[in-house]
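Okay, here's what each chain looks like letter by letter:
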Amino acid sequence: MHVAMRVVRDSDVPLTSQIQRFIKSEVAAGVLHPGSRLPSSRSLADELGVSRSVVVEAYGQLVAEGYLEAVQGAGTRVVRHLGPEPVVPTLLDDGRVPDVRWDLRPGAPAFPHFPRRDWLTSYQRALQSADPADHDYPPPAGVPALRVELAHYLGRVCGVPGTPDQIMVVAGFAQTLGLLGAALPELGVDALGMENPGHPRQRRFVRECGLRPVPLPVDAEGIDVSALRASGVRAVLVTPAHQYPTGVTLSARRRAELAAWARETGGWIVEDDYDGGLWYERGTPRPLALRRLAPDHVVYAGTASKTLAPGLRLGWLAAPPAVLDPLLRARARHDLGTDSLAQLAFAEFLRSGLYDRHLRRLNSLCRDRRQVLEAAVRRHLPGAVVLGPAAGLHACIRLPPRTDEAALVAGALRRSVLVRGAAAFHARAGEGAPALVVGHAQLPRTGIEEAIAELGKVLGKVLG
Ligand SMILES: Cc1ncc(COP(=O)(O)O)c(C=O)c1O
């Protein structure tokens, strides 16, 4: 027990009560946590210079009052559940997640395909070849070896132009967005155009970063560039390869319009390539990065969250110097860089070709799940269509026009299927046609079939 625990011998308060009071107050103050182990009665008695029976009695009382529990073979500890568990709201989700049989939410946890062995091999190689300087604080833009590998990878796979010195390693796209919240105002930008529908928590995050989010409509060709021009904003965030959440790809015409808007107005485009590397549409190549069309105006941003794991907190960006410099200054005010060993491991993962191999496997698995999804939708959801190319970890399913989307989502939950309706992704209530946004890559084939069959049973009842 820590040094603050003292007993006063010539006090009116008995020694047992002193020990009890101390432990209770440390639990109440959040210093002793649920599940924390306490010293054995013998060692605490020795430390306090009291007889063991005093401590045994104090512990016994606290067990009786429900503060402590005696665990067979593991001594005494603070009880695990002192009252209800607090629900901590996070950036990632707005509340509790019901315990369901099938979780179809895009970005649902337990993504099971992390390449454990290959990552371990890369990490081991990186650790073995690291020299003492590699254990120092990394450069704010990232370790040079990773920036070189990223420049090669991004050019080869995504068609992103850029030298290693235009690349910055970050803690996922969330950090890119947070840093842009600091960097864009230095460039005279105070509002950010955002796709509608789009990522709902990103909208809130952008607002919290101090930028004004301006919703801009998305149609079958991607973001509406005329609406962007009309809005007067000087920066826009887009997901051109596979729009989030509709899944549509920004058409060649719109790409050209967007690049022309940026050049004519001196505007900035943030290209969120959140599922770059995941494209399995047969016969149609993934469009090359928007950054090719206007390298002086586009910040290209990628992440390992979809292809590897969000928990890695690993992302990257390629930016023109006018934006990169304020981004680096913002980063220096924020933290002292990304874990250098994880960066070196990722550099090795890229260099050795293990990432390419992982992507090949992952794309093949995703293609299989997408085919199962499309077949299940045809079978169980008459009139519904899976939109967009086969890409990424999720798909958008457009429902028959008269579907009561909210009733479908609620009915699905009663059948133990958790699914998000498109309404959750719109900036305003009542916008958009009925649709579902479904994460399919994390589910077994039978799970997709079963979950969509359950949705089918509800659909008949909720058509207006
Ligand atoms: C549209 C979009 N952008 C970016 C990300 C990735 O964010 P991060 O790299 O911070 O995990 C996600 C993840 O869900 C996403 O849906």
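The following paragraphs examine the structure supplied in this document. Everything numeric here is computed off the predicted structure, so don't read it as measured data.

**Quick notes on the overall build of the protein**
Looking only at helices and strands, one finds 14 helices and 16 strands in the protein. Referenced to the eigenvectors of the C-alpha coordinate spread, the extents of the protein come out at roughly 85 × 60 × 45 Å. Burial statistics for the protein: of 464 residues in total, 51% are counted as buried. Contacts in the protein between residues at least 24 apart in sequence constitute 71% of all its contacts with a sequence separation of at least 6.

**Digging into the environment of Ala28**
On the secondary structure map, Ala28 appears in helix H1 (residues 15-28). Sequence separation of Ala28 and Leu288 is 260 residues, and the distance between their C-alpha atoms is 57 Å.

**Considering the packing of helix H11 (residues 340-351) against helix H12 (residues 354-380)**
Put simply, H11 and H12 touch, their axes get as near as 4 Å, and they point 70° apart. On the basis of their axis angle, the class for H11 and H12 is roughly perpendicular. Residues Phe346, Phe349 and Leu350 of H11 touch H12, and the partners they reach there are Leu354, Tyr355 and His358. Taken together, the residues of the contact of H11 with H12 sort by class into five nonpolar, one polar and no charged.

**A look at the pairing of strand E4 (residues 167-170)**
With burial as the criterion, each face of E4 is covered, one bearing Ile167 and Val169 and the other bearing Met168 and Val170. Relative to strand E11 (residues 315-318), E4 runs antiparallel, the two sharing four bridges. Pairing of Val170 across the sheet is with Gly315, part of E11.

**So, the side chain of His394**
Residue placement: His394 occurs in strand E13 (residues 394-398). Of note is the side chain of His394, whose polar atom sits 3.1 Å from the backbone oxygen of Pro245. If we ignore the near neighbours within four places in the chain, the residues touching His394 are Pro106, His242, Gln243, Tyr244, Pro245, Tyr274, Val437, Val438, Gly439 and His440.

**What to know about the layout of surface pockets**
Each pocket or cavity is described by its volume, and for the second largest pocket that value is around 320 Å³. Looking at the second largest pocket, it is lined by 19 residues, and the ones nearest its centre are Pro197, Val218, Thr246, Leu387 and Cys396. Mapped onto the lining of the second largest pocket, the elements with two or more residues apiece are strand E6 (212-219), E13 and strand E16 (435-439). Residues belonging to the lining of the second largest pocket are distributed by class as follows: 13 nonpolar, four polar and two charged. Three or more residues apiece are contributed to the lining of the second largest pocket by two domains, here domain 2 (102-111 + 357-459) and domain 3 (116-352).

**Remarks on the packing of aromatic side chains**
According to the stated counting rule, one finds nine aromatic pairs in the structure shown. Here Phe349 and Tyr355 contribute two aromatic rings whose centre-to-centre distance is 5.8 Å and whose plane-to-plane angle is 50°, an arrangement assigned as tilted. Classification of Tyr355 by relative accessible area gives buried; the value is 1%. An aromatic cluster is defined as three or more aromatic residues linked by ring pairs; in this entry it consists of Phe114, Trp119, Tyr153, Trp316, Phe346, Phe349 and Tyr355.

Thresholds, definitions, all that
Here the residue numbers are simple positions, counted from 1 along each chain's written sequence. In keeping with the model being predicted, local features are shown solely for residues with a pLDDT of at least 70 and side-chain atom pairs are shown and tallied solely at 80 or more, while totals for entire chains, interfaces and linings include all residues. As a rule here, side-chain values come from all non-hydrogen atoms in the structure, and water together with hydrogens is ignored. Each helix is a run of DSSP H or I of at least 4 residues and each strand a run of E of at least 2, with the numbering of both proceeding from the N terminus. Accessible area is worked out with a 1.4 Å probe on protein chains only. A residue is then buried under 20% of its type maximum, exposed over 50%, and partly exposed in between. In what follows, a contact means two residues having at least one pair of non-hydrogen atoms within 4.5 Å. Whenever a helix is involved, its axis is fitted only over the stretch in contact; in every case the axis is a line through C-alpha atoms, and angles between N-to-C directions fall within 0 to 180 degrees. These descriptions rest on fixed angle ranges, namely under 35 degrees for roughly parallel, over 145 for roughly antiparallel, 65 to 115 for roughly perpendicular, and the rest for oblique. For this classification, Asp, Glu, Lys and Arg are treated as charged, while Ala, Val, Leu, Ile, Met, Phe, Trp, Tyr, Cys and Pro are nonpolar and the rest, including Gly, are polar. Two strands pair under a simple rule: DSSP has to find at least two bridges between them. What qualifies as a polar contact is a pair of N or O atoms within 3.5 Å, subject to a donor-acceptor requirement within protein and to the restriction that residues adjacent in sequence count only when both atoms come from side chains. Each cavity reported here is a set of points on a 1 Å grid over the protein atoms alone in which a 1.4 Å probe fits but cannot get out, each pocket an open set with protein on both sides within 12 Å along at least five of seven lines, and each lining residue one with an atom within 4 Å of a point. Grid points are joined across faces, edges and corners, and a volume is the space filled by probe spheres set on the points. Segment limits for the domains were obtained from an automatic or database-derived domain assignment. In this scheme Phe, Tyr and Trp rings, the latter by its six-membered ring, pair at centre separations within 6.5 Å, and the angle between planes marks the pair as stacked below 30 degrees, edge-to-face above 60, and tilted otherwise.

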